[in-house]
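Here is what each chain is made of, one letter per residue.
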Amino acid sequence: MAQMNPHLILHIFLPVLIFESAFAMEAHTFFRSFLQIVTLAVPGLIVSSFLTAVLAMNVFDYGWDLKMSLLFGSIMSATDPVAVVSLLKELGASKQLGTVIEGESLLNDGAAIVMFNVMLEMSNPYMTEPTPTEIFLKFLRIAVGGPAFGLVMAKITIIWLGNIFNDAITEITITLAATYLTFYIGEAVFKVSGVLAVVVLGVTLSAERTVISPEVEGALHKFWEMMVYLANTLIFILVGVVITEKAMNDIQDKDWFYMLALYFGVNIIRGVTITFFSPLLKRLGYGLTWRNAAVMTWGGLRGAVSLALALLVYRTEGLETEGKKMVIHCSGIVVMTLVINATTIGSLLDVLGMTDISPAKRMAMANVVRFLQETKNRSVNMLKIDRFLADSDWSAVEFGTLISDPYHSKSDQLNVEENFDLKPHSHCPDCLHSFPTEPSPKEYKDMFQEATLRKLKAQKVSYWRQFEHGMLSRDAVRVLVGHAEGAMDKPGEYVNIEEIKKNWQMTGVYPYLKRKLESWIYGKDRVKRTEPRKKWRQIIYKITLSGYFEAFIYSVIILNMVPVIIEFQINEENQVFFAGNASHTNFGAEIPADEINNGTYDGEWVSYVYLMNSAVLFLDYRRALSIINYVFFGIYIVEALFKVGETLPSVFYEFLPLLLLFSVLLLVLSSSSPSLSLLLLLLLLMFWEYRV
C-alpha cells in the first residue's frame, strides 16, 4: 500500500470529490458568484503561491531556490474546505458564502494542478525547462480546453439521461461513467484539465438536474455522498500509511518548528490575499463583508489534493529529498487545519453572529418538528395494534425514529409574546406614558423583503413538487425555478411574467430579420385596406385578397425564372455557326466565329445555340423568348390593374413617381435584356403590393 503511485490516488479519488462538490452546488448561485470564484481561484492562487514561496525561502534552511519554493507554494495553495462547507450548511449560514468557498476550492484545485505541473517541469533537473511561450500556450490549452470538453460531455450526458426515466441504477451508473470518462479522456487524450472538465460537467448537470428522474434524485445524491466519504477516508488512510513508512523517520526537531511557523504563515497569507482582492470582490457577485472574509480566511483548509501533489514530488526522480520535506510539511498543515480550523469554525461563526436564527425561523422549525412527531406517533400507535408486530421492540423503534429540532431551540425562544412585539409601544421618558407606535420605513422595508423571500422560496418548493408529481415538464420547472432564483437576488422583485413569456417566443436571427424586413417594407404609416363601395371594385377587391389569386401569381413568378435563367446563360457569345441555312443545315461543317465576324467566310451559314444539350436555332430561340416575355408581361400588367383597381387612388398617386422611375429603367434595359426588365417590373409590383 505504501508503494501506491500518487497518480493512481489522484485519478481514482479526485474525479469523485470534484464531481460531487460541483453537482451538489446550486447552479444559479454558482454562476452569480462566478467572477468572485475565478478571482480567488486564479489570481488569488498565484498571489498565495508566491507569498508561500517567499515564506519558504526565508524560513526554511533547505536551500530551495525560487522554482522549488513556487512548486511548494502551489501545493500548499490548494484548498479543501469540505468540513467548513458542511458545517455552514448544518448551521444554516449564508448559502452564498458556502458556494463561494466551495466553488473557489473546485477551480482552485484545477489551477493549482496546472501551476504544479509547470513548476515541476521547471524544477526537475531531468526535464527540459519550458519557455514562457510554451507555458502560456499550455495554460491556455488546459484552462480553455478543459471547460469546453466538460461542456460537451455534459451535453452528451444530459441527452443520455433524458432518454431514461425512473431507473436508479442506470442513471447513477451514467453519472459515474460520465465523471471518469470526462476526467480520463480530458487528461490522457486531449491533454486538458480533467479537473476543470469535471467541474463544468457537475455544474451543468446541476443546472439541468431535471433530466434526472424525481424519484432517483435523492438516491443519486446519497450515492455520491457515500462515494465522497469513502474517497476521503481511503485517501487519508493511504497517505497516512505512506507518511508513516517513508517520512516519519526523517523528521528533525527543526521541522516541527518550521511546521508551526508554516501553519501561521499560510493562514496569514490567505487573509492577506483575500484582503488584497476585497475591493474587487465587494463589487462582484453577492459582495463580500468583513465577516465573510474572516470565515473564508479561517476556513482555508488543506486536504487530499495537497497530499497527493506532495507525494508526486516525492516519487519524482531527482526530487526525492525535496519531496520528502514537502510531504512532511503538507501533512502537518493538513492535520493542523483539520484539527484547529475545522473544529473552531463553528465558534467563529457564533462570535461573528452569523449563526443567529431569527425567532420566526425557530418557530417555523419547531412547528415542522412537532408535526412530524405527531405523524410518527400516530403511525407507531397504529402499528402497535397489528397482531403480527406484537413481539416488536417498540423502545428500539422509538429510539430509531427520534426526531429532534436541528436548531435546539429552548421553550422560552418559542414564546410568541416574548419574541414578537405584536403591539409595539413606546414609552415617554418624562411622563412614563405608553403609546402604540408604527414600524419605521426601514423596518417596513426589511419585513417586506423577508416576506418576498419567503414567498419566492415557497414558489420554488411548489414548482419542484409539481415536477415530482408530473404536473410540470423538465423544461418548465427549470425555467420557473431559474426566474424565481433570479428574483431572489433582487430586493423586492417578484417573478416577472413578461420575462417568462420570452421562453416560448421565437428568438434568433431569422425572426429578427423578418421583423426588420417587415418594418422596412410596411413602414410606420402603412395604409390600411378597406373594402371599396363600388361593385366592380368590390369584385376586384375579393379576387385580389383570395388565396387562389396569390397562388397563381407566385406560380407565374416561379415560371418566369426559367426564361430569365435561360437568357443569362445563352447569348451571342456562345453561338455555334454551321454551313447551310435554317431548313438545310450541315452540322458536320462548323464554321469558326472569327471567319463570320471578319467576313472572310462568303458562303451560306446559320447560327445555333446549345440548350439542354440540344442545338436550337438562334433565331427561333429569340422568337420564343420574346413571345414568352410578352405573355408574362401581360400577366403582370393585369395583376397591376387589379391592384390599382382595389387600391385607394391616394396610394396610387403616392407611388406614381416611383412607377415612372422604374418605367424609365424598363425602357433602358428592354433593348438589352427583356427578361431582366420583366424582373424589375415584378419587383416594382411586389414592393407596391406590400406597401399598400
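Everything that follows concerns the structure shown earlier in this document.
Here the structure is a predicted model, which means the values were calculated and not measured.

K.L.:
Can you lay out the overall build of the chain for me, pointing to particular residues and giving the numbers?
P.N.:
Counting its secondary structure elements, the chain contains 29 helices and six strands. A total of 692 residues make up the chain; the buried ones form 41% of that total. Contacts in the chain between residues at least 24 apart in sequence constitute 76% of all its contacts with a sequence separation of at least 6.

K.L.:
Outline the environment of Ala168, listing residues and values.
P.N.:
If you trace the backbone, Ala168 turns up in helix H9 (residues 168-189). C-alpha separation for the pair Ala168 and Val216, spaced 48 residues apart in sequence, amounts to 5.3 Å.

K.L.:
How would you sum up empty space enclosed by the protein? Please name residues and give values.
P.N.:
In total, this model carries seven cavities of 30 Å³ or more according to the counting rule given. Counted as a void, the largest cavity has a volume near 90 Å³. In terms of lining residues, the largest cavity is bounded by Leu40, Gly44, Leu45, Ser48, Ser77, Glu104, Asn108, Arg270, Thr273 and Arg302. Of all the secondary-structure elements, those providing two or more residues to the lining of the largest cavity are helix H4 (43-59), helix H7 (95-123) and helix H12 (253-281). Sort the elements by how many residues they give to the lining of the largest cavity and H4 lands first, with three residues. Here the residues of the lining of the largest cavity are counted per class, giving two nonpolar, five polar and three charged.

K.L.:
Hey, could you go over the packing of aromatic side chains for me, with residue numbers and the actual values?
P.N.:
What describes a pair of aromatic rings is the distance from one ring centre to the other and the angle between the planes of the rings. Considering all chains together, one arrives at 19 aromatic pairs under this definition. Ring geometry for Phe276 and Phe277: centres 5.0 Å apart, planes at 85 degrees, overall edge-to-face. With a relative accessible area of 58%, Phe276 lands in the exposed category. Among the aromatic residues, those joined into a cluster by ring pairs are Phe60, Tyr62, Trp64, Phe72, Phe257 and Tyr258. Taking NZ or CZ as reference, Arg32 lies 4.8 Å from the ring centre of Tyr286, over its face.

K.L.:
For the packing of helix H5 (residues 66-76) against helix H15 (residues 320-352), give the residues involved together with the corresponding values.
P.N.:
One can describe the packing of H5 onto H15 by two numbers: an axis separation of 11 Å at closest approach and a directional angle of 30 degrees. Put simply, H5 runs roughly parallel to H15. Crossing of H5 over H15 shows right-handed handedness. Contacts between H5 and H15 pair Met68, Leu71, Phe72, Ile75 and Met76 from the former with Glu322, Met326, His329, Cys330 and Ile333 from the latter.

K.L.:
Please provide a residue-by-residue account of the side chain of Ser306, values included.
P.N.:
Relative to the assigned elements, Ser306 resides in helix H14 (residues 304-314). Ignoring sequence-local partners within four residues, the contact set of Ser306 consists of Ile75, Ala78 and Cys330.

K.L.:
Describe unusual backbone geometry, listing the residues and the values that go with them.
P.N.:
Although it is not a glycine, Asn166 adopts a positive phi angle of roughly 60 degrees. Phi at Lys191 takes a positive value of approximately 55 degrees, unusual for a residue other than glycine. Here Lys191 lies in the loop between H9 and helix H10 (194-207).

K.L.:
Hey, could you go over H4 for me, with residue numbers and the actual values?
P.N.:
Over its 17 residues, H4 runs 24 Å from end to end, which matches the ideal 24 Å to within 8%, given 1.5 Å per residue. Among the residues of H4, Gly44, Leu45, Ser48, Ser49, Thr52, Ala53 and Ala56 are the ones counted as buried. Take H4 and look down its axis: the buried residues cluster within an arc of 160 degrees, on one side only. Tucked into the core, H4 has its buried residues touching helix H3 (34-41), H5, H7 and H12.

K.L.:
Any details on helix H13 (residues 290-298)? Residues and values, ideally.
P.N.:
Regarding H13, the residues found buried are Asn292, Ala293, Val295, Met296 and Thr297. Those residues of H13 hidden inside the fold are in contact with H3, H7, H12 and H15.

K.L.:
Residue-level account of the side chain of His329, with values.
P.N.:
For His329, the position within the fold is in helix H15. Overall, His329 belongs to the buried group, its relative accessible area being 0%. Those residues in contact with His329 that sit more than four places away from it in its chain are Phe60, Tyr62, Phe72, Asp255, Tyr258, Met259 and Leu262.

Rules used throughout
- Starting afresh in each chain, residues are numbered from 1 along the sequence in its written order.
- Per-residue local features are limited, in this predicted model, to residues with pLDDT of at least 70; the limit for side-chain atom pairs, both in listing and counting, is 80 or more; totals at the level of whole chains, interfaces and linings are taken over all residues.
- Note that the side-chain values use all heavy atoms of the structure and ignore hydrogens as well as water.
- Put simply, DSSP marks the helices as runs of H or I at least four residues long and the strands as runs of E at least two long, and each gets a number from the N terminus on.
- Exposure categories follow from relative accessible area, calculated using a 1.4 Å probe and restricted to protein chains: below 20% of the type maximum is buried, above 50% is exposed, and the middle band is partly exposed.
- Residues count as neighbours in contact if any of their non-hydrogen atoms are within 4.5 Å of one another.
- For each structure, a 1 Å grid was placed over the protein atoms alone; sets of points admitting a 1.4 Å probe that cannot get out are labelled cavities, open sets with protein on both sides within 12 Å along at least five of seven lines are labelled pockets, and lining residues have an atom within 4 Å of a point.
- Grid points are joined across faces, edges and corners, and a volume is the space filled by probe spheres set on the points.
- Only Asp, Glu, Lys and Arg are considered charged, only Ala, Val, Leu, Ile, Met, Phe, Trp, Tyr, Cys and Pro nonpolar, and every remaining residue, Gly among them, polar.
- Note on aromatic contacts: the rings of Phe and Tyr and the six-membered ring of Trp form a pair at centre separations within 6.5 Å, being stacked when their planes are under 30 degrees apart, edge-to-face when over 60 apart, and tilted otherwise.
- Definition used: whenever NZ (Lys) or CZ (Arg) falls within 6 Å of the ring centre and also within 35 degrees of the ring normal, the charge is taken to sit over that ring.
- Comment: axis = line fitted to C-alpha atoms, over the contacting stretch for helices; angle = value between 0 and 180 degrees taken between N-to-C directions.
- Note on angle classes: values under 35 degrees are labelled roughly parallel, values over 145 roughly antiparallel, values of 65 to 115 roughly perpendicular, and the remainder oblique.
- Helix crossings are classified by the rotation of the near helix relative to the far one: an anticlockwise turn of less than a right angle makes the crossing left-handed, while a clockwise turn makes it right-handed.
- Take the number of residues in a helix, subtract one, and multiply by 1.5 Å to get its expected span.
- It is the directions from the helix axis to the C-beta atoms whose arc is reported.

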